[in-house]
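# Examining the three-dimensional arrangement
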Amino acid sequence: MSSSFKEQVAAGIPGEIPPYPPEDPTVNRAPPRPRVLSAHENVLALKNALRYFPAHLHDRLAPEFARELAIDGRIYMRRFRPSYRMYGRPIREYPARCRQAAAIMLMIQNNLDPRVAQHPYELVTYGGNGTVFQNWAQYLLTMRYLSQMSDSQTLVLYSGHPLGLFPSSPAAPRLVLTCGMVVPNYSSKADYDRMAALGVTSYGQMTAGSFMYIGPQGIVHGTTITLLNAGRKYLGLPPDRGLEGKLFVTSGLGGMSGAQAKASVIAGAVAIIAEINPKALETRLHQGWLQEAESDLDKVLARTRQAVSAGQPLSLGYLGNVVDLWERLASAGFPVDLGSDQTSLHNPYLGGYYPAGISLDDANRMMAVDPAGFKELVQESLRRQVAAINTIHQRGMAFWDYGNAFLLEASRAGAPGIFKQDGSFAYPSYVEDIMGPMCFDYGFGPFRWVCTSGDPADLEVTDQLAGDILQEMASGAAPENRQQLLDNLRWIRSAAGNNLVVGTQARILYADHQGRMALARAFNDAIAAGRISAPVVLGRDHHDVSGTDSPYRETADIRDGSMYCADMAVQNVIGNSFRGAHWVSLHNGGGVGWGEAMNGGFGMVLDGTPQAAHRARQMLSWDVSHGLARRSWARNPGARFSVERAMQVEPQLQVTLPATADDATVEQAVQEAFSGGREPG
């Protein structure tokens, strides 16, 4: 007789070798990783993998795991993938001694749900290598520990590896995890490839390794906000108008980038999105997020021209290489209003970017067997792509880097015209121009929640509560932040109709300091009153006001020289941990690549109790005001406005505010001081 789901979870790693689980041929698979280990390191990687299993199984498992390492470049322990269906179940279905542990289990399984994850069999949620765990033994052992955990224990994870349960207290986090933490001098891409193959580190991206991904809905909202504000900033559109009759060209229909199709239509635009992987494109078509698809560029241009002329919102997927799309648009003189790119260029040589002139299957083989040759093809394609973008930009298109390391990798490839004369990039980051000054500096960021009952009725209640709160806030808002409140009000009122849920019953909303605390209070009260039937998990993307230090993305609009400093992300996680978060995470990497960012996040479980209300108020206040303080100190005017308002609301908050120096005084002083020698006086 087969064991129940609860029994299998509580059992952890089985004592005997199980049969291979069935495989769904429609599931998207990760490409093989290059062989980067020496003979000695191959032995070490195998020993590292076998330590999860009793010695009497090693004779059978060693050859199997060695073959995985030789073929995949990783040891995933595929045989140990559970045979039960992987999805976020209602919280009551998990074997747990405390509801916070059950909530974490739910979030882990949602991250690995084939409807949600990019490469679920390889434990990758999004971005090509954003891993939940390094292998299936880590998943099984973590779920077992969570089933055993009391509210006086804390589980510690090192890059997916469950170090163990440690005594703590009910006030402490139930889970503390880190992903990819290395000594800074060993944070190159080559270091990552080697350590990941050894099974000693992982790339958690942002919400993959922290168990807070809610499917592409999370980025649909951010992309919608970005597109609307791009229209206002670059095209001069009024705040009450969408992007009807405007063309947006980009790439990517994968785990994160797949949101672009849905967001473009919500914003009113016509969008052409290039995607090389037919499975990814078909997934978005099946979900209804992508409206149409075509592999013939003549037909793509004809359909686009028709939709733009009619002012008809349209998401059109081009099944082909993005370089071919840009070059065709450039040679045809086709007018483009807005352009970007969401290929996974944080991972350019391992499946994040596919070069032109080679098929998907051939590229996947080449990156494993001829990585140097594959790198040359990638860089040549980047040079071609930038050249075409430059041509269209000169005709009037506004282009921005979407925080995926596009400009960084294009510069490393020697792309033409990628730099201005002063050495800065020719195109802005979307955070530098849009998200930073218009959202983050005012405390708005990707707040999210999950209804652990799995009941759409609970999500409907939260949507109504959120809309009512935003409407009240907008009615009395200052001009500086009123438009953001109105944009988010429109978003939440239409969220259910846009069919955004993939996986768990979850929602995202760009909320500010005051809004996040009001939402948490309203949700907790509704749980206590029985209007919401089960606990609600609160979280956010790490891509937020204070969650990430990343000079080419989240902190791109920090211009006091500290854009490369990581104090904010680290302090944020520390502060959240003792102010009430139920789990916290700190990661190396994120959307722009290993070694290019530091980011952190949290999870919190609202259960209707006064204790939950207290934890939420303490932690959410810090989580936003901390980032506002840092941005204000960088002399960002929006952040100063916001942090001064936060101090009025919270009397115990005292933030050091900067004095603004007169430019002429500073320039004169520097000129006089440096015009002579170094003699004192």
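Residues numbered from 1 in each chain as written. Predicted model: local features only at pLDDT ≥ 70, side-chain atom pairs only at ≥ 80, totals over all residues. Heavy atoms only, no water.

Moving on: the overall build of the chain. Looking only at helices and strands, the chain has 23 helices and 17 strands in total. In terms of overall dimensions, the chain is globule-like: its C-alpha atoms have a radius of gyration of 25 Å, near the 26 Å expected for 681 residues. With respect to the principal axes defined by its C-alpha atoms, the chain has extents near 75 × 70 × 60 Å. Classification of the 681 residues of the chain by burial places 62% in the buried group. At a minimum sequence separation of 6, the contacts of the chain that also span at least 24 residues come to 71%. For the chain, the computed accessible surface area is about 26,100 Å², with 52% contributed by carbon and sulfur atoms. (Helix = DSSP H or I, 4+ residues; strand = E, 2+ residues; numbered from the N terminus. Rg over C-alpha atoms; globule rule 2.2 N^0.38 Å. Buried < 20%, exposed > 50% of the residue type's maximum accessible area, 1.4 Å probe, protein only. Contact = heavy atoms within 4.5 Å. Areas by Shrake-Rupley, 256 points an atom, 1.4 Å probe, with all protein chains shown as cover.)

Looking now at the packing of helix α2 (residues 39-50) against helix α6 (residues 189-198). Where α2 contacts α6, the axes come no closer than 8 Å and their chain directions differ by 50 degrees. Viewed along their axes, α2 and α6 adopt a mutual orientation that is oblique. On α6, the residues that touch Glu41, Leu44, Ala45 and Asn48 of α2 are Arg194, Ala197 and Leu198. (Axes fitted to C-alpha atoms, helices over the stretch in contact; angles between N-to-C directions. Parallel < 35°, antiparallel > 145°, perpendicular 65-115°, else oblique.)

Let's shift gears to the pattern of salt bridges. Applying the stated criterion across every chain yields a total of 30 salt bridges. Residue Asp362 is joined to Arg365 by a salt bridge in which the shortest nitrogen-to-oxygen separation is 2.3 Å. With a gap of three residues between them, Asp362 and Arg365 both fall in helix α13 (residues 360-369), about one helical turn apart. Since its relative accessible area comes to 52%, Arg365 is described here as exposed. Linking Arg540 and Asp544 is a salt bridge whose minimum nitrogen-to-oxygen distance equals 3.4 Å. Take Asp544: its relative accessible area is 0%, and that puts it in the buried class. One continuous salt-bridge network, built from bridges that share partners, spans Glu23, Arg29, Asp72, Arg78 and Glu122. (Salt bridge = Lys/Arg side-chain N within 4 Å of Asp/Glu carboxyl O.)

On to the packing of aromatic side chains, then. Applying the stated criterion to the full structure yields 22 aromatic pairs. Ring centres 5.5 Å apart and planes at 80 degrees place the aromatic pair Trp136 and Tyr139 in the edge-to-face group. Residue Trp136 and its partner Tyr139 are both found in helix α5 (residues 136-148); the two are separated by three residues, about one turn of the helix. The pair formed by Trp136 and Tyr139 is uniform in burial state, with each residue classed as buried. With 5.2 Å between their ring centres and 70 degrees between their planes, Phe399 and Tyr427 make a pair best called edge-to-face. (Phe/Tyr/Trp six-rings, centres within 6.5 Å; stacked < 30°, edge-to-face > 60°.)

Phe65, Tyr139, Phe211, Trp449 and Leu538 are the most contacted members of the largest nonpolar core, which has 154 residues in total. Looking at which element gives the most residues to this core, the answer is helix α4 (residues 99-112), with nine residues. Sequence-distant contacts of Leu538, that is, excluding residues within four places in its chain, are made with Met212, Phe447, Arg448, Trp449, Ala520, Phe523, Phe602, Gly603, Met604, Leu606 and Leu620. Val270, Val300, Leu316 and Ile392 belong to the second largest nonpolar core, which has 50 residues in total. (Core = buried A, V, L, I, M, F, W, Y, C linked by side-chain atoms within 4.5 Å.)

In terms of burial, strand β16 (residues 583-588) is a largely internal element, six of the six residues being buried. Here β16 shows no split at all, with Trp583, Ser585 and His587 on one side and Val584, Leu586 and Asn588 on the other all buried. Across five bridges, strand β5 (residues 175-179) lies against β16 in parallel orientation. Residue pairing in the sheet places Val176 in a bridge with Val584 of β16. (Pairing = 2+ DSSP bridges.)

A cluster of nonpolar side chains, Tyr158, Leu163 and Phe166, forms an exposed patch at the surface whose accessible area comes to about 290 Å². By relative accessible area, which is 38% here, Leu163 ends up partly exposed. (Patch = residues over 30% accessible without salt bridge, like charges linked within 9 Å, V, L, I, M, F, W, Y side chains within 5 Å.)

Relative to the elements of secondary structure, Ser159 occurs in the loop between β3 (153-158) and β4 (161-167). If sequence neighbours within four positions are ignored, Ser159 has contacts with Gln134, Gln138, Thr178, Cys179, Gly180, Val200, Thr201 and Ser202.

The next thing to look at is the sheet that holds strand β8 (residues 292-294). Hydrogen bonding along the main chain pairs the strands of a sheet, whether they run parallel or antiparallel. Read from one edge of the open sheet, six strands run β8-β9-β7-β6-β10-β11, paired in parallel fashion. Bordering the open sheet on either side are β8 and β11 (398-399), each of which pairs with just one other strand. Relative to strand β7 (residues 270-275), strand β6 (residues 247-251) is paired through five bridges, and the arrangement is parallel. Of the residues in β7, the one forming a bridge with Val249 is Ile272. Together, β6, β7 and β9 (314-319) form the strand contacts of helix α8 (residues 259-267), whose direction differs from that of β6 by roughly 170 degrees. Docked against the sheet, helix α11 (residues 322-332) engages β6, β7, β9, β10 (338-339) and β11, running at close to 150 degrees with respect to β6.

Right, let's talk about unusual backbone geometry for a bit. Its identity as a non-glycine residue notwithstanding, Leu123 has a phi of 65 degrees, on the positive side. Here Leu123 is to be found in the loop between α4 and β1 (124-126). For Leu123, a relative accessible area of 0% puts it in the buried group. At Ala405, a residue that is not glycine, the phi angle is positive and equals roughly 70 degrees. Mapped onto the elements, Ala405 comes out in the loop between β11 and α15 (406-412).

Taking 1.5 Å of rise per residue, the 20 residues of helix α17 (residues 456-475) would be expected to cover 28 Å, and the 29 Å separating its terminal C-alpha atoms lies within 8% of that figure. Of the positions making up α17, those classed as buried are Asp458, Leu459, Val461, Thr462, Asp463, Leu465, Ala466, Gly467, Ile469, Leu470, Met473 and Ala474. In this structure, the buried side of α17 is in contact with β12 (445-451), α18 (479-494), β13 (506-511) and α19 (513-529). The backbone nitrogen of Ala457 lies 2.9 Å from a side-chain oxygen of the residue at the head of α17, namely Asp455. (Expected span 1.5 Å × (residues − 1). Polar contact = N/O pair within 3.5 Å; in protein donor to acceptor, adjacent residues only side chain to side chain.)

On to helix α20 (residues 567-579). In a regular helix each residue adds 1.5 Å, so 13 residues correspond to 18 Å; α20 covers 18 Å between its end C-alpha atoms and thus fits that length. Along α20, the residues that are buried comprise Met568, Ala569, Asn572, Val573, Gly575 and Asn576. Next to the buried residues of α20 lie β14 (536-540), β15 (548-549), β16, β17 (598-606) and α21 (610-633). Of the residues trailing α20, Gly580 is marked for its positive phi of about 135 degrees.

Glancing now at the environment of Gln648. With respect to the helices and strands, Gln648 occurs in helix α22 (residues 637-649). The class of Gln648 is exposed, set by a relative accessible area of 66%. Separated by 17 residues in the primary sequence, Gln648 and Arg631 have C-alpha atoms spaced 18 Å apart.

What follows concerns the packing of helix α7 (residues 217-234) against α8. Contact pair α7 / α8: the axes reach a minimum separation of 8 Å and the direction vectors enclose 45 degrees. Judged on the interaxial angle alone, α8 and α7 are oblique. Considering only the axes of α7 and α8, their crossing is right-handed. Contacts from Ile219, Val220, Thr223, Thr224, Leu227 and Leu228 in α7 reach Ala259, Gln260, Lys262, Ala263, Ser264, Ile266 and Ala267 in α8. For the contact of α7 with α8, a count of residues per class yields eight nonpolar, four polar and one charged. (Left-handed = near helix turned anticlockwise from the far one by under 90°. Nonpolar A, V, L, I, M, F, W, Y, C, P; charged D, E, K, R; others polar.)

Once that is clear, we can look at the pairing of β5. Going residue by residue along β5, you find Leu175, Leu177 and Cys179 tucked away on one face and Val176 and Thr178 left uncovered on the opposite face. For β3 and β5, the ladder comprises four bridges, and the chain directions are parallel. From the neighbouring strand, Leu157 faces β5, where its bridge partner is Leu177.

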